[in-house]
Amino acid sequence: MSLKSSLRSGVAAVCIASIVAPAGMAAPAAAARPVLDVRVAQAADFSRLEFHWAAPATVTSRREGDQLVLRFSRDATPDIAQLKIAPPPRIQKVEARHAGGRLELWLTLDPDADFKVGSADGASFVNIFTKAAPPPAAAAPAPPPETPAPPPRPNPVPANGVVALRPEIVGGQIKLHFDWKNPLGAAVFRRGEALWLVFDASAKLDISKAPKGVGQYSAIQALRGSNYSAIRIVTSRTTPVSVIGEGGSWTLLLGPGPMGPRGGAIDITRDEESAQAGLSATLAGAGIPVWVDDPAVGDRIGVVPALAPAKALGSRREYVDLALLPTIQGLAVETYASDVAINVDGDLVHIGRPTGMVLSPSSAAGQRMAARDGAPQAAPMPGLIGDDWAHTRSGGFIARYDALVSAAAAEDIKGQGGQAPPTEARMALARFLIGNELAYEAIGVLDAAAKSRETLKGEAEFRGLRGIANVMAGRLKEAEADFSTPVLADDPASANWRGYIADQLGQYADARQKFDAGTQAMAQFPTIWRTRFSRANAEAALALGDMPTANAHIADALNERVPALEELKSRLIQARLMEALGDKGRALGVYQAISRAGSQQVAAPAMLRATQIQLDAGQITATQAASTFDGLRYRWRGDATELETIRLLGQLYLQQGRYREALEALRSAGQRQPDSPQAIQLSADLNAAFRSLFLDGMADGLQPIQALGLFDDFKDLTPIGADGDLMVRKMVRRLIDVDLLDRAAELLQYQVDNRLDGVAKAQVSTDLATVYLMNRQPEKALDAINASRSTLLPTALNAERRIITARALMSLGRLDAASEIIEPDNTVEAQMAKAEIAWKGHTWPLAGQLFETSLADRWKTADPLTLDEEGRLLRAGVAYSLAGDDTSLARLRTEYAGFFDRARNPDALRVAFTDVQTGTYNANDFSRAVADDETFTGWVVRMKQRFRDRPAPVGPATTKQAAAASGGAKG
């Protein structure tokens, strides 16, 4: 990885580039030399040292073997204690030297390490990284295919190289005139919101006189390439457009008014002259193919301008490798492959790829099979179901099915031998299958037909048939994609299907709008689908609170003669309407009647609604309702009823304090129907329940081990961001309170690894190190501190991390290193740590003084000593005794004698404060009186209280958190 790439990824990891350094981070100045604030950051790909001076200073660098020498323009006392004790990766050793009134830092690097020195934001920095292997030589790009030069023509560019736009406004129409010196080719086409006019000559197009503030377009832009000039106009798709070409003059007409003459059609055929599969277009007066950069999309469009008069391609042509855009003049190619080539040979335009395009065999266009006599015929609209599609004739279903399958098989055989088969018989078979609601079979037949003839996917009937089949199969997203194609945009029959899909997906306002658009086609559908559409329309209106409309449409559905099951489904909506209008008694009667039906498809939702009404009315208890819901969710599965049942059951369990059963019930639906409104609501309920338990305190009544077990089983529900971090923090606090330190460390470690970056990550890492120290794991504590280094940490957090580091080093017996790292820190916590270091080093006078200082004037307060205070007092007495300091011992005895009787260990205090000259106790007695465990226990108690008091360290959601959310957060 290059240094630039390493910095880009690594800086994000340590928040070097995303968080502003807090003020006041410089260490206090020493008397002799100013203290240089050295900050360390560590990322996966590099280590970074930053040097912050109170006044500007420069740095130079040189390398001597494995040593990097940084020489500063000023002298200082660098604060490099932590850097010396635990150097970051790729740095083996750090040493400070003073030469000629200047500071030098000597860094011993790994043999394969490299560096980069620089300055940013008033500080100097050095990045240490592993040398990257030289990248392999890139293969030379293949030269683009040569385009045969067209016959020479007079230069159309004026002598000054500028073609000025000459506008003209006539009524509601704008005419944009471009007058060139000689005839030239032009192309006019639409792509998205833009209308393009491209000329095959390079000149400056002066559009300064283009009309402004007009309704025909909202923006106009001139573009220029090495061999083309172009105008890009942002205009509505409904704006009428035409073009007129007369020699070297081209006029673009925008808006209603007289249009230019309609251009001749461009014929697109298979390129029979090429050995590879490709396309050929006949375009009279074709010019030089040009590749135009689209500033909106960021890709290139292949354009073939042509001389006047206009020649147009009336519709979009889709292929696997490219698409031919509809044009008003010339050709425009939207490519999907990078090696598409366009060549012009006279009036022929050849379009292809070096390896050939993916096309149907050339004989496919000429093969058509006449529809079998009596086979299901296409409906008048692409989205309609024909009245005769389900007819089986006198022979019955099997005979009719076999005949249609035989015809389709024969049709497929005719396509063997390199020729694409016709598809009429398979389309007829698909119509028959859809008429009989054999949806999956119909989808298979349609997809097989589309594989044999790729262009079939662009036909309106194919999209309509497959969309209908997908709706019947419950594949709503696939159906929505089929009915959203442009070829069905104006089909009123398809609008009803779009409305039905929107209702099933819970998009009720959209459903109502689309049903309104399909009103004129409603009467042409078979009776059963008219009923279903009316019922869906009523359901959408009911969800929107439009009761009169809902009542009208459900009445339409009930007026149709349909099978009993369809009528019962309509009665369910009718009962819901009664319930919404407040007539719950009548609605309950309808629900109870439907619940006795033989089909669980209607009986299950009816029983669900009836039970809920009875529960709300107090006719049954919550336990009885829960029992009914629990059995009901297994009686009928796979649709919205199951999800609604589970949702109500989960809510009942939560109300009864059955938290695990509630979460298990809510999660049992899994990812079925993820886009349905019921599934979305169920997911929201599940997350809300988890938040209530572990964020709002509902689970506080559980024993910590029970709460942890519940949290572990459902930790994938932990939200990202501040709430999730606070949730984990609360759980960690409870675990620490009961000394489940290993589990607390696991939760904090996951936060560090997956959920946080920057300052928040460093703060949680500090908490993690504290937990490791409480659990007597100093090595892990040091690892947690070192792995979360950053140059942008607040001063208070840096001080806390130093103290934790010192305590970890002290636990490992590295007393000198521990003392050095907190030497300049005079805070109470640092003084207590220094006292313990002095105690372990048997420096008794200093230990006694520091322990006494940490107690300050505690003797003036009459409250009994805490465990921590008692331990410090005990150690102060022992230290003064072992130092032979009777004066200090007497002073403490006088001040604290009144606390001895109320202490937890009064005998130990009396031993510690016995007069040195007259006492009969020796050092072994003192050691027994004050063991390390007592002071350590006091420190642990203090740390537990800190965890209770401190708020959760949180930061903005990161890419790690997004990945944890999508793949299942783990707490």
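All of these numbers come straight from a predicted model, not from anything done at the bench.

**Some thoughts on the overall build of the protein chain**
Within the protein chain, the regular secondary structure consists of 34 helices and 30 strands. Across the 971 residues of the protein chain, 50% fall into the buried class. Long-range contacts, defined as pairs at least 24 residues apart, comprise 62% of the intrachain contacts of the protein chain with a sequence gap of at least 6. For the protein chain, the accessible area works out to roughly 43,800 Å², and carbon and sulfur atoms hold 52% of it.

**A closer look at the pattern of salt bridges**
Scanning the entire structure with this criterion turns up 47 salt bridges. Note that E820 and K84 form a salt bridge whose closest N and O atoms lie 3.8 Å from each other. Residue E820 is found in helix α26 (residues 815-821), and its partner K84 is found in helix α2 (residues 81-85); the two are separated by 736 residues along the sequence. In this structure E820 comes out as partly exposed when scored by relative accessible area, which is 38%. The class of K84 is partly exposed, set by a relative accessible area of 44%. A salt bridge links E829 to R807; its shortest N-O distance comes to 3.9 Å. A residue pair is termed long-range when its members are at least 10 positions apart, and E829 in helix α27 (residues 828-840) and R807 in helix α25 (residues 795-811) qualify at 22 residues. Accessibility expressed as a relative area gives 15% for E829, which makes it buried.

**Examining the pairing of strand β7 (residues 102-109)**
Across the 8 residues of β7, 7 count as buried, placing the element largely inside the fold. Across 5 bridges, strand β4 (residues 67-72) lies against β7 in antiparallel orientation. When the sheet's bridge partners are listed, R71 is paired in β7 with E104. One ladder, built from 8 bridges, connects strand β6 (residues 91-99) with β7; its direction is antiparallel. Residue pairing for β7: H98 is matched across the bridge by L103. Connecting β6 to the antiparallel partner β7 that follows it, the hairpin turn spans 2 residues, and G100 within it adopts a positive phi of roughly 60°.

**Notes on the sheet that holds strand β28 (residues 331-335)**
Pairing is antiparallel in the open sheet, where 5 strands are placed in the order β22-β23-β28-β26-β25. What marks the edges here is a single partner per strand, and that holds for β22 (290-293) and β25 (317-318). In terms of strand pairing, strand β23 (residues 300-304) meets β28 through 4 bridges, oriented antiparallel. In the strand pairing of β28, I301 is matched with E334.

About the cut-offs
Residues numbered from 1 in each chain as written. Predicted model: local features only at pLDDT ≥ 70, side-chain atom pairs only at ≥ 80, totals over all residues. Heavy atoms only, no water. Helix = DSSP H or I, 4+ residues; strand = E, 2+ residues; numbered from the N terminus. Buried < 20%, exposed > 50% of the residue type's maximum accessible area, 1.4 Å probe, protein only. Contact = heavy atoms within 4.5 Å. Areas by Shrake-Rupley, 256 points an atom, 1.4 Å probe, with all protein chains shown as cover. Salt bridge = Lys/Arg side-chain N within 4 Å of Asp/Glu carboxyl O. Pairing = 2+ DSSP bridges.

Remember that the coordinates give geometry; whether it matters functionally is a separate question.
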